[in-house]
Every structure is written in C-alpha cells, then in structure tokens.
Amino acid sequence: MAKENENLESTEETVEEVVADKDAEQEHLDRQKEEEESIALASEKAKEKAKRAKTKKTRDAGKPSSGGRFLGGLALVAVSALVGAGAMYVSLGNKTTEETTLVSMKGDTVTVGDVFDSLKGSSQTQQSVLSATLQKALEKEYGSKVSKEDVDKAYKQASEQYGDQFSQVLAAYGQTEESYRNQIRTQKLVEYAVNQAAQKDLTEANYKAAYDNYTPNTEVQVVSTTDKAVADKVDSEAKAEGADFSQVAKDNSLEVTSKTVNSASQDFPADVLTAAFKQDANAVSDVVTVSNSSTGAATYYIVKTVSKSEKNADWKNYKDDLTKVIINGKKSDTNFTNSVIAKVLKKYNVKVVDKAFSAILDQYVTGSGASSSSSSSSSK
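Residues numbered from 1 in each chain as written. Predicted model: local features only at pLDDT ≥ 70, side-chain atom pairs only at ≥ 80, totals over all residues. Heavy atoms only, no water.

Draft legend 1. Quick look at the pairing of strand β1 (residues 101–105). As paired strands, β1 and strand β2 (residues 108–111) are joined by four bridges and run antiparallel to one another. In the strand pairing of β2, Val 103 is matched with Val 110. The antiparallel pairing of β1 with β2 creates a hairpin that spans two residues between the two strands, and Gly 107 there sits at a positive phi of about 80°. (Pairing = 2+ DSSP bridges. Helix = DSSP H or I, 4+ residues; strand = E, 2+ residues; numbered from the N terminus.)

Draft legend 2. Expanded view of the pattern of salt bridges. All chains considered together, the criterion is met by 16 salt bridges. A salt bridge links Glu 141 to Lys 347, with the shortest nitrogen-to-oxygen separation between them at 2.9 Å. Here the residue Glu 141 occupies a position in helix α4 (residues 123–142), and Lys 347 occupies one in helix α13 (residues 334–347), the gap between them amounting to 206 residues. For Glu 141, a relative accessible area of 26% translates into the label partly exposed. Three or more residues joined by partner-sharing salt bridges are found here, namely Lys 148, Asp 152, Glu 177 and Arg 181. (Salt bridge = Lys/Arg side-chain N within 4 Å of Asp/Glu carboxyl O. Buried < 20%, exposed > 50% of the residue type's maximum accessible area, 1.4 Å probe, protein only.)

Draft legend 3. Spatial organisation of the sheet that holds strand β4 (residues 257–261). Read across the open sheet, the four strands follow the order β4-β3-β6-β5; overall the sheet is antiparallel. Looking along the sheet, the strands with just one partner apiece sit at the ends: β4 and β5 (288–291). On average, adjacent strands in this sheet sit at an angle of 35° to one another, irrespective of strand direction. Alignment of strand β3 (residues 218–225) against strand β6 (residues 298–308), held across eight bridges, turns out to be antiparallel. Paired with Glu 219 across the bridge in β6 is Ser 307. (Axes fitted to C-alpha atoms, helices over the stretch in contact; angles between N-to-C directions.)

Taken by themselves, the reported measurements are silent on function.
Below, the structure is given as structure tokens:
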C-alpha cells in the first residue's frame, strides 16, 4: 500500500512538471509571437513613412521653396484646429515635419502626418486653412492699412459687451483671445479692401437709388442684454400703457443708450436700426435678436423710437450719409466681397496644392483666375 502511494505521488509530480513545462513553452511562444508582430508593425510603419517621404519629395520637386513652407503652415493650422476642438495639445518645434513623432508606443508611432491626415476632412480644418490663406493674401495687399489699434478697439468693444462672460463666450465657440483678434484683423482687412473697391460705385444714379431708401435722423433709445428672459420681461413692461422706457430699463438693471441715427449709422446692428425706422414715434419694438458673426453668441435688443425728422427732397443734402450707405451696402454684399477677395487671390497667384482642400476657394474662383486646384498637386 505504501508503495502504491509512493508511485501515485511520483506520477502526480511528473504530471505537474509536464504541465509546468508546457506552460513555460506556451509563454515563450506567446512572447515570441508578440515580438514578431511588433517587428512586423514597425517594419510596416517604416515602409509607410518611406513611401510618404518619397511621395512628398516627388510632390515638392516641381514647386518653389515657398510651397514647402505653405504646406508646413497647413499642418500647423490643422493641429491648431485639433487643439481648438479640445481633443489634444501638441507643442511643435520649428523643425516639425510630417514625419515628426508626436506619440511613441511599442511597435508604432503617431506622427504629425498621421494627425494631419485624420483632420483634413473636418469642416473646422477646412475653415482654418481658408482663414489662414485669406489672411496671408490680404496681409500682403493691405496689411499696412489696418493698425493694431483698430483691432484692439474692436476687441475691447466685444469684450465690454459681454463683460465677465466674454472668456466663456469665446471658449464656447472654440475661440481664444488670439484667434479672435486674428479674426477681427482679417475682417478689418476685408472691410478696407471692399471700401476701396466700392469707390467706383459712387455715381449719381447710385446716390439717387440710396436716397430713395434713406431714413433721415431718428432719435432712439436702446437697451440690450444677453439674457432672453430679461429681454422679454423688459419688452413686455415697456409696452405697457404709460410705461417709462428708461425707468423700466433701470428697474431691470439695464442701461439705456440714447442716439440720433439714420440709414448711414452703424451704432447699432442693422436689424435694430430697421426696427427703429419702420415704427412710429414713441413706439417700442419687439425683441430683436442679433447673433455675433464671429462667436455666434446672441444679444437681445429693444428699441424705442423717440422722434423722427422730415426727409428733405434734395438727395444732395445727404450726400455724405448716402456715401456711407452705398459703401456699407457693398460691405454686406457677399458676391461683391467675394469678387474683391478673388482679385487679391489672383494677384498673388494663390493655388490650393493639396486636393483635400480643393474646394475651399470655390466661392472666389468664378471669373477670378484664382485656382482651387493644380494639375501638379496631389494629396499625401
């Protein structure tokens, strides 16, 4: 019996050793397989990088040296767009290329080229590239015509309008102080360009046409708020019989702005002025909602028309105001603005090299000579 037990124990030990050996062997095989897969992945990645580098070299061969810098700029813009979306933050050095490694891992890497490729199709990246392109071209043509003070003034007006909430408003619409200032500057450059181009439209026929729709001096009182509920409350109370507009505003912690305006005025948004002009004296408008073209944030206005003046029969009495009306009309005319920008793009021979962005200049191309694609271009 003792011998049988001894044999049984010996058999059990043998089985355990065999199992242990098999486990060790399997573990070794697993490690070996993992290493082979890592080597294969690394090799595949190296081949892909080599292919991309070769493609880039071929693509750049027929371009001037500035083309390379332009592509580099697009890559940085794309990464900036990703940062703006809050997805990640990447700090890139001056020697960044498409092959620059952003993230490394076992058997693989994430490069600037990988990130850029994944972003090309997004509307945010498309808009970022368009904005950068327009800004560079307009800066070349009109950069000296827009000062830092002009931008600072516009930025200050916007920040004062939203007060302590301004930084939150910018963040909500994917803007930073720097990006918003850049956007303001681009807008100012466009305004200057349009203003210059509109001078040729200051004809007698256009003056007379502007006079027909001109509203002379009108005294108004205006309140504004970013709180829709407050705006509705003030509007309802101000329309009550015998209500004092200024007192209603004060009771709701709003400040009244009193101005004398006409069709050439830009003290208030166009929709607010329209509301003031179309109603009778002493009337109070409905709430007028105006969205900021840069941030998308809404501001709610209520306007009271205090008094209206008679219109003189001779248009020449309003020539200065009518000049502003004509030019302001051109500024708000998208087709006219696009045609002005198109001429700048044509002058500087702006061409989209990467097919992924071939459509960004379409709105400026017709009849302009600017190119949204190039026969020698190709996407990475």
